[in-house]
Amino acid sequence: MKIGVLSILLLLVVTSGFAQRKSSRAPAPTNQAASKKTEKKKEDYKMFAYGLTTNTNSGLLGGLVVRHSKAIGTYKWNPVHQYIAFEAVNIKNPKEKSEPTSIANRYIYGKRNYFFSLRPEYGREVVFFKKNGDDGIGISVIAAAGPSLGIQKPYYIKYDRNGRGAVDIVQFDPNVHKELNRIQGSAGIWQDFFVGMKMIPGLHLKLAANIDMNTFGNNLTGFELGITTEIFSKTPEIMSNQLTTNSRFYSAGYLTIYFGNKKQKKSKS
């Protein structure tokens, strides 16, 4: 995990540094050229996209993302966008490990609850490299923050209470479910989905590099690669507190693949 986060940080630093060096090496424009450059920078786009994310605290499928951005100005000749997004992600305890059962199902020993985080966020996106029409790629840097709403939902297992096939759907309890050969697997994430939920508020922030890939007409696809840090008002019990420790602070590297559309707009002078 540490290697992944360090790699992401390195990418952000290199991307930002290269963009600034390229800007500093450019010759000073004449008044006419500066005017044209300003006019060009004013012409930008607004974007709406949705996608899937994976992160070092979840697994292959970490959650869903919806994002929107629009031009609001410039910073050192670089377009600045207002960035608004909403994320719904799954957070796991690092100690989670899937175990097989005697009937070839699987479950996570010691897991008490699922834990999800809903993250509305607001921030800024600075575009360092703009796409040239449908060719090449665009690169920008995003900084955003916002509240978090943690949702703790019971994790249910199938447990043979008498060893003769009488299966109960119950939340794992290390004081009760001691005979592991009676555990027949997980009951699934949708089991009694809205029963026993607890809400835990928090805060989060993120820093990311955005890569805008080739587009076809108004369609686009891209990648968002970054890090998030998040803290909750109290510690969620993802794994049993009797078996391991849980935390109310989480930091993760993430990758989001998104699809959407953009509309070209021209800001008013």
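Residues numbered from 1 in each chain as written. Predicted model: local features only at pLDDT ≥ 70, side-chain atom pairs only at ≥ 80, totals over all residues. Heavy atoms only, no water.

## Quick word on the sheet that holds strand β10 (residues 183–186)
Within a sheet, neighbouring strands are paired by backbone hydrogen bonds and run either parallel or antiparallel to one another.
Part 1 of the argument: With respect to topology, three strands assemble into an open sheet ordered β9-β8-β10, the strand pairing being antiparallel. Two strands bound the open sheet, and with one partner strand each, they are β9 (167–171) and β10. Recorded for the sheet is a direction-independent mean angle of 25° between the axes of neighbouring strands.
Part 2 of the argument: The pairing of strand β8 (residues 156–160) with β9 spans five bridges and is classified as antiparallel. Its bridge partner being in β9, I157 is matched across the sheet by V170. (Pairing = 2+ DSSP bridges. Helix = DSSP H or I, 4+ residues; strand = E, 2+ residues; numbered from the N terminus. Axes fitted to C-alpha atoms, helices over the stretch in contact; angles between N-to-C directions.)

## Quick look at the confidence of the model for the protein chain
Note: predicted coordinates in regions of low pLDDT should not be interpreted at a detailed level.
Part 1 of the argument: Averaged over every residue, the pLDDT of the protein chain is 82; the share at 70 or more is 78%.
Part 2 of the argument: Below a pLDDT of 50 lies the segment residues 1–30, which in the model reaches 24 contacts outside its immediate sequence neighbourhood of four places, other chains included.
Part 3 of the argument: Between residues 32–41, whose pLDDT stays under 50, and residues either more than four places distant or in other chains, the model counts 10 contacts. (pLDDT = per-residue confidence, 0-100. Contact = heavy atoms within 4.5 Å.)

## Some details on the pairing of strand β11 (residues 198–212)
Part 1 of the argument: Here 15 bridges tie strand β7 (residues 138–154) to β11, and the two strands are oriented antiparallel to one another. Its bridge partner lying in β11, P147 is registered against L203.
Part 2 of the argument: Where β11 and strand β12 (residues 219–232) come together, 11 bridges link them in antiparallel fashion. By the bridge assignment, G202 is partnered in β12 with F232.

## Notes on the nonpolar core
Part 1 of the argument: Residues Y107, I108, Y114, F116, I151, Y155, I157, Y159, F172, I183 and M239 constitute the largest nonpolar core, which totals 11 residues.
Part 2 of the argument: When residues no more than four places from it in sequence are discounted, the contact partners of F172 are Y109, G110, K111, R112, Y155, I157, H177, I183 and L243. (Core = buried A, V, L, I, M, F, W, Y, C linked by side-chain atoms within 4.5 Å. Buried < 20%, exposed > 50% of the residue type's maximum accessible area, 1.4 Å probe, protein only.)

## Description of the pattern of salt bridges
Part 1 of the argument: All chains considered together, the criterion is met by 11 salt bridges.
Part 2 of the argument: Close ionic contact of E224 with R67 constitutes a salt bridge, the shortest N to O distance being 2.8 Å. With E224 in strand β12 and R67 in strand β2 (residues 59–75), this pair connects stretches of sequence that are 157 residues apart. Here E224 and R67 have matching classes, each one buried.
Part 3 of the argument: Among the salt bridges present, the one from K206 reaches E224, with a minimum N-O distance of 2.7 Å. Taken together, the residues K206 in strand β11 and E224 in strand β12 connect sequence positions 18 residues apart.
Part 4 of the argument: Classification of K206 by relative accessible area gives buried; the value is 3%.
Part 5 of the argument: Each member of the salt-bridge network shares a partner with another, and the members are R67, E87, R119, E121, E125, K206, E224 and E230. (Salt bridge = Lys/Arg side-chain N within 4 Å of Asp/Glu carboxyl O.)

## What about the side chain of S140?
Part 1 of the argument: Topologically, S140 is positioned in strand β7.
Part 2 of the argument: A polar atom in the side chain of S140 sits 2.6 Å from the side chain of E125.
Part 3 of the argument: Beyond its immediate chain neighbours, meaning those up to four positions away, S140 contacts E125, V126, V127, F128, A208, A209 and N210. (Polar contact = N/O pair within 3.5 Å; in protein donor to acceptor, adjacent residues only side chain to side chain.)

## Some words on a nonpolar patch on the surface
Part 1 of the argument: A cluster of nonpolar residues, F48, Y50, V66, F86, F223, L255, I257 and F259, forms a patch on the protein surface that exposes about 690 Å² of accessible area.
Part 2 of the argument: When residues of the nonpolar patch are traced back to their parent elements, those giving at least two are β1 (43–55) and β13 (249–266).
Part 3 of the argument: Mapped onto the elements of the fold, L255 is located in strand β13.
Part 4 of the argument: Judged by relative accessible area, L255 falls into the partly exposed class, the value being 31%. (Patch = residues over 30% accessible without salt bridge, like charges linked within 9 Å, V, L, I, M, F, W, Y side chains within 5 Å. Areas by Shrake-Rupley, 256 points an atom, 1.4 Å probe, with all protein chains shown as cover.)

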